[in-house]
Every structure is written in C-alpha cells, then in structure tokens.
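# Results of the structural survey
So you can see what is in the structure, the chains are spelled out below.
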Amino acid sequence: MQVPAPTNGPAVLRVSIGEDDVLLREGIARILTGAGFDVVAQAGDADELLHRSLAQRPDVAIVDVQMPPRHEDDGLLAAIELRHRLPGTGVLILSQFCEPAYAVELISERPQGVGYLLKERVGDVASFVDAVRRIAAGGSALDPEVIGQMLGRPAAGDTLSPLTPRERAVLAAMAEGRSNVGIAATLYISQAAVEKHVTAIFRKLDITPSSTEHRRVQAVLTYLRQRERRR
C-alpha cells in the first residue's frame, strides 16, 4: 500500500493560554481554534503556564498580567521568564486595565514578537487573531489606549515635541504593529505620504539605519520609554 506524500501547507501556529478566568480562557481558546491555531496548553496559574509552555514550546503565549499564585504581576513575570528561556516564543499580554509600565517592561529588552492588549479587545475577533499572527511572525501589537497615553500631550523637553500631529499619529499606528499599507488605510493618506512621515520620524529621533536593529521598533521603543519616564 502506497503512503500518500505529505502536503507542504502552512504550519499551524501553536498557542498557550494563561488566564485564571475560566470562561475567558475557554473563549480565547475557542476563538483561536476556530481561526486555525493549535491551542497546545491552558493554565489558570502563572507557574503552571510557564511549566506547560516550556514543555510545549508554543509559537505564542497569551498571558494575563494578574494571575495566581500571588494575584499580582505573576503572569507578566512568567511571560518575561518564558521569553528568556524560549527566545523564539512570542508573548501577548492581556490586562484588565491600561498600565503602560507593563508594556515598557515587557518590550524593554527585546521588542520583537511582543504585544500588550486590554482584555476587551478580545471581543474584536478579527483584530485579536491578526494581533496573535503578527506576534508569531515577530511583529508587535500594542493596545491603542496604551499608545494614546504614551503619545499624549508632550511635556516640556519631551522627545515627542519635534513631531507634527500627523507624525505622532503615524507613530501611534506603527506602535500598534501596522504596516505602511495599514497606516495609510487607517489615516486616509497615501502610502507615499506614510513613507515620508516615517522617514521624518526616524530623522527627528536620530535613528539611523542598522543591520542589527529594526528602526520602526526602535522608534516605538524610544517613545514608550520617554513617556514612561514622564509619568
């Protein structure tokens, strides 16, 4: 009997979920399974999530900030530890409240493949699934409310001050993980205009081309750090 040749379709993305709210955890699992992901591990405890994720080696771990056993920032700490031990695993942090400090802590060492979203964003299924896919591919996904707080009214001496309002809007969209095409559609401007604004942002932030650093990520990270220092 001849064995059928294996197909070379796209690899199924593997996901682990850490959330102590059972209904939300099951809801996220159902959304992702329906979108074609393989949910390889679920846990309601940060320590258990770390253990299961290290064993299963998912492409993305989706983690609640506040989890047992301490019900403080246990989930965030587990996510950071997971990133240290499995550098290839993306991490998407979910939070009940907007805490920019958590976003800064998560991305400060290595901003690729990370995300921070409010839990309410899970209800926008298409955007949530897209964010998970972006993170698995090494991109980013930061909540618009977090970006809004970070890129709000510039303080005196703030590095935000040289940017025009349009450049700030472009940077906010960059921080959400949008491509130039996505930014153009969101802001209703041409791709050529987006490219000019991005170039101006790099120049005003003094971010030069580098073979080891992603300039878009460095621009976003510079702003996040600046706004967090001003809090």
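Everything in this summary refers to the structure shown in the same document. Note that the structure is predicted; figures quoted are calculated from it, not measured.

As a further point, take the pairing of strand 5 (residues 114-118). Summarising burial for strand 5: five of the five residues are buried, a large majority. Every second residue of strand 5 is oriented toward a common face, with V114, Y116 and L118 on one face and G115 and L117 on the other, all of them buried. Relative to strand 5, strand 4 (residues 90-95) runs parallel, the two being bridged by five bridges. Residue pairing in the sheet places L94 in a bridge with L117 of strand 5.

In a regular helix each residue adds 1.5 Å, so 12 residues correspond to 16 Å; helix 3 (residues 74-85) covers 16 Å between its end C-alpha atoms and thus fits that length. Within helix 3, burial applies to D74, G75, L76, A78, A79, I80, L82 and R83.

Cis peptide bonds are those with omega within 30 degrees of zero, and the linkage from P68 to P69 qualifies with 15°. A positive phi is found at H71, a non-glycine position, where the angle reads about 60°. Note on placement: H71 falls in the loop between strand 3 (60-64) and helix 3.

What follows concerns the side chain of D64. For D64, the position within the fold is in strand 3. If near-sequence neighbours (up to four positions away) are discounted, D64 is found in contact with G18, E19, D20, G75, L76, L94 and K119.

It is worth spelling out the pairing of strand 1 (residues 14-18) at this point. Counting buried positions along strand 1 gives four out of five residues, so the element sits mostly inside the fold. Here strand 1 runs beside strand 2 (residues 38-43); their pairing, made up of five bridges, is parallel. Directly across from V15, in strand 2, lies its bridge partner V39. Handedness of the crossover is the feature at issue here: the chain leaves strand 1, passes through helix 1 (residues 22-34), returns alongside strand 2, and the resulting connection is right-handed. As paired elements, strand 1 and strand 3 share four bridges and run parallel to each other. Considered in strand 3, the bridge of S16 is made with A61.

As a packed pair, helix 7 (residues 165-175) and helix 9 (residues 191-205) sit with axes 9 Å apart at the nearest point and diverge in direction by 95°. Regarding the angle of helix 7 to helix 9, the classification is roughly perpendicular. For the pair helix 7 and helix 9, contact is made by R166, E167, V170, L171 and M174 and by H197, V198, A200, I201, F202 and K204, respectively.

What counts and how
- Residues numbered from 1 in each chain as written.
- Predicted model: local features only at pLDDT ≥ 70, side-chain atom pairs only at ≥ 80, totals over all residues.
- Heavy atoms only, no water.
- Buried < 20%, exposed > 50% of the residue type's maximum accessible area, 1.4 Å probe, protein only.
- Helix = DSSP H or I, 4+ residues; strand = E, 2+ residues; numbered from the N terminus.
- Pairing = 2+ DSSP bridges.
- Expected span 1.5 Å × (residues − 1).
- Contact = heavy atoms within 4.5 Å.
- Right-handed = clockwise from strand over helix to strand, strands pointing away.
- Axes fitted to C-alpha atoms, helices over the stretch in contact; angles between N-to-C directions.
- Parallel < 35°, antiparallel > 145°, perpendicular 65-115°, else oblique.

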